[in-house]
Amino acid sequence: MSDWQRTHHCGALSSADEGTEVILNGWVHARRNLGGIYFIELRDRYSRLQVVLPEEVVGDLHVSPEDCLCIRGKVGLRGPKDTNPEHPTGEIEVIAESIERLAPSKVPPFEIIEDLDTAVELRLRYRYLDLRRPDMQRKLMHRSRFIAAMRNAFLARDFCEIETPILTKATPEGARDYLVPSRVHPGQWYALPQSPQIFKQLLMISGMDRYFQVARCFRDEDLRADRQPEFTQLDMEMSFVEEEDVFATWEGVLGDTFREAMDMEIELPFPRLTWCEAMNRFGSDKPDLRFEMELVDLADWVPNCEFGVFQSALDNGGRVMAIRVPGGGERISRGQMKPLEKQAKELGAKGLAWWKPGLEGGGAGPLARFVEGDVGASLLSRMGASEGDLLLFCADSEDVVWRVLGDLRVSVARQLDLIPAGPYRFLWVTSFPMFERDEQTGGWTSSHHPFTAPEDWDMKADPGSMNSRAYDLVLNGWELGSGSIRIHRQEVQQRVFELLGIDAEQQQEKFGFLLEALEYGPPPHGGFAVGLDRIVALTLGLDSIRDVVAFPKTLTATDVLCDAPAGVSAEQLADVYVRNTTTVTAGESEHGVAENPAPAGS
Ligand code: ASP
């Protein structure tokens, strides 16, 4: 060991080490000069430690915040009135015998403190300094512990960790691909995986039986808050299983993970709801179960009421539903109803009917005059409501009613602080629709991905009414991950491709290798993937995943630290047979078209 290298880290010492000669390495967190005696708070990943520097030791060295130091000295006990019981190393100090600066620091652009209030861009630009903050280091360490615990839980269940390619062929998960041009094959491109989906299915065909991977996935999606173009999944697949086997495996894994990484028991098993039940009860396929406020179907009550909008919604094949906001009658003023009405309209409703029931019937809101006497009384009993509550109604097509009430349910509950912060309420949502209409092309797209099995292998029904064997895991209103039982029958896979508008020729070109593999005894199989960034953030009580990703990108998919994406030289482009047809001038945004001048296969 060289003479400057640490014998202990800052958190490794306590009063039991009194008198021990130590060498410490770390950064200057703070410094003070009390009448000729210098104090430095030395910081490393583990803790902070007070170092006392007699004047003769300091000499003419001028120490600045964030300098990287080597301190040699002896552990001593602090005097009783200097002891800091709040701090783990608050009983001791190191009396320095020598100090050496390993590297000086410029004045950092922001302070390295816990509660930093600085623009995100600046933090990301100097991410290495941002990550010097103990708070950020704790988050990364939690992430590491959490992933290690998950890995152990899978290994303990006979899963085998296997890496799959990053330079590969398109794996559709509903986003655009990131493409990489090939130098060796002019005019040909790799795609970065949107997920390891096809490879993990091939591993099942190999007989590997139980696979998992901490997998980086790449999806070129339009800008959406709190999405990263590259992110990490805990991805897995198993053979010879049905939905319940996948659920039981994950419940076991998550139970073990929360116990090992967080010393916490979670409630098992998780409840299950079909997609249809979730939509009907909560207006959402990722309902937050920490609070009630469920949607109530009023179809059979509507004929009692003379409000024409309700009846005509039903006559047009739509629905009339409502939610009860407990205490909302008192806590939401007439003025505060305006933003809710606006929200409903933005979500597609024509308006928002509401009622604050009064003591003796009547009450306030546009619906009040239609719900007097028995009509109102029957509505109250149907809704379990009473004076002081607020009822919000939506009468429209089913999609609009679910969307509007599902959204209002969450935002009003947040506004009134009706969501308890503590509990983890997991939920499996099952039986998703198999296909959705693509609004632009009018054709069918997969609700999950094209490898998901239909509930009925015969696929006789109309595509719009087919259910799939896809499932999601939801935690407190967030979608944590998705998975499905897969198609292991070649003819069913071909039929699904056909319905998605992929003709036989394209099937061969894009997925021929999978279709061929399905001819060699594929086992029935299914799997799942959890977004690790999301679950790690939620377990730290964070809404944003950015704080648990070491080097995240901004909303415009930019890495502001190293300034990526960036231009490349004409030579580099020529090497990979790409011609850039965009001229980017400083300050302009980069929306370019890259042409590939080489004819395919040349
Ligand atoms: N590929 C995943 C799965 O079905 C889903 C996803 O990536 O979201 O297992």
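Scroll up for the structure.
For the structure given in this document, a descriptive report is provided here. (Residues numbered from 1 in each chain as written. Predicted model: local features only at pLDDT ≥ 70, side-chain atom pairs only at ≥ 80, totals over all residues. Heavy atoms only, no water.)

It is worth spelling out the sheet that holds strand S19 (residues 470-475) at this point. For sheets, the rule is that strands pair by backbone hydrogen bonds, running either parallel or antiparallel. Taken together, eight strands build an open sheet; the order of strands is S6-S9-S10-S21-S20-S19-S16-S11 and the sheet is mixed. The open sheet has two edge strands with one neighbour each: strand S6 (160-161) and strand S11 (272-274). Bridge count for strand S16 (residues 426-430) against S19 is four bridges, and the pairing is antiparallel. Bridge pairing in S19 links Trp428 to Leu473. (Pairing = 2+ DSSP bridges. Helix = DSSP H or I, 4+ residues; strand = E, 2+ residues; numbered from the N terminus.)

A complete count under the given rule lists 24 aromatic pairs for this structure. Their ring planes at 40 degrees and their centres at 5.7 Å tell us that Phe310 and Phe393 sit as a pair that is tilted. One end of the pair, Phe310, is in helix H8 (residues 308-315); the other, Phe393, is in strand S15 (residues 390-396), with 83 residues separating them in the sequence. Phe393 carries the same exposure label as Phe310, and that label is buried. An angle of 5 degrees between the planes, with centres 4.7 Å apart, marks the rings of Phe497 and Phe511 as stacked. Here Phe511 lies in helix H14 (residues 504-517) and Phe497 lies in helix H13 (residues 490-499), a separation of 14 residues in the sequence. The same class applies to Phe497 and to Phe511, which are both buried. Note that Arg409 overlies the ring of Phe291, its terminal NZ or CZ placed 4.0 Å from the centroid. Note that Arg437 overlies the ring of Trp444, its terminal NZ or CZ placed 3.8 Å from the centroid. (Phe/Tyr/Trp six-rings, centres within 6.5 Å; stacked < 30°, edge-to-face > 60°. Buried < 20%, exposed > 50% of the residue type's maximum accessible area, 1.4 Å probe, protein only. Lys NZ or Arg CZ within 6 Å of the ring centre and 35° of its normal.)

Moving on, we come to the pattern of salt bridges. What the rule picks out here adds up to 40 salt bridges. In this structure, Glu41 and Arg48 form a salt bridge, with 2.6 Å as the shortest nitrogen-oxygen distance. Within the structure, one salt-bridge network assembled from shared partners comprises Arg123, Arg127, Asp130, Arg133, Asp135, Lys139 and Asp547. (Salt bridge = Lys/Arg side-chain N within 4 Å of Asp/Glu carboxyl O.)

Counting 61 residues, the largest nonpolar core has Trp250, Leu254, Phe258, Phe426, Phe435, Phe528 and Ile535 as the members making the most contacts within it. Element by element, the count of residues in this core is highest for helix H6 (residues 243-262), at eight residues. Those residues within four positions of Leu254 in sequence are excluded, and the remaining contacts are Met150, Ile266, Phe270, Phe426, Leu473 and Ile535. If you look at the next biggest cluster of nonpolar residues, it comprises 38 residues, including Met279, Leu340, Ala344 and Leu352. (Core = buried A, V, L, I, M, F, W, Y, C linked by side-chain atoms within 4.5 Å. Contact = heavy atoms within 4.5 Å.)

Around the ligand, a shell composed of 13 residues is seen, among which Glu173, Gln197, Lys200, Arg219 and Arg486 lie nearest. Between the ligand and Ser195, the relevant distance is 3.4 Å, taken from a nitrogen atom to a side-chain nitrogen or oxygen of the residue. Gln197 places a polar side-chain atom, nitrogen or oxygen, 2.7 Å from a nitrogen atom of the ligand. The protein chains hide 95% of the 270 Å² of surface that the ligand would expose on its own. Where the shell around the ligand is concerned, the elements lending two or more residues are helix H5 (197-205), strand S20 (478-485) and strand S21 (525-531). When the residues that make up the shell around the ligand are grouped by side-chain class, the tally is two nonpolar, seven polar and four charged. (Near = heavy atom within 4 Å. Polar contact = N/O pair within 3.5 Å; in protein donor to acceptor, adjacent residues only side chain to side chain. Areas by Shrake-Rupley, 256 points an atom, 1.4 Å probe, with all protein chains shown as cover. Nonpolar A, V, L, I, M, F, W, Y, C, P; charged D, E, K, R; others polar.)

Two numbers describe how helix H4 (residues 134-155) lies on H6: the axes approach to 8 Å, and their chain directions differ by 135 degrees. In this view, H4 runs oblique relative to H6, as classed from their interaxial angle. In this structure, H4 meets H6 at a crossing whose hand is right-handed. Contact residues: H4 offers His142, Arg145, Phe146, Ala149, Met150, Asn152, Ala153 and Phe154, while H6 offers Thr249, Trp250, Val253, Leu254, Asp256, Thr257, Phe258, Glu260, Ala261 and Met262. Classifying every residue of the contact of H4 with H6 by side-chain character gives eleven nonpolar, four polar and three charged. (Axes fitted to C-alpha atoms, helices over the stretch in contact; angles between N-to-C directions. Parallel < 35°, antiparallel > 145°, perpendicular 65-115°, else oblique. Left-handed = near helix turned anticlockwise from the far one by under 90°.)

Taken together, the five strands give a closed barrel; going around it, the order is S1-S2-S3-S5-S4, and neighbouring strands pair in mixed fashion. In this sheet, neighbouring strand axes are inclined to one another by 55 degrees on average, regardless of whether the strands run parallel or antiparallel. Relative to strand S2 (residues 37-43), strand S1 (residues 21-34) is paired through seven bridges, and the arrangement is antiparallel. Paired with Asn33 across the strands is Tyr38, a residue of S2.

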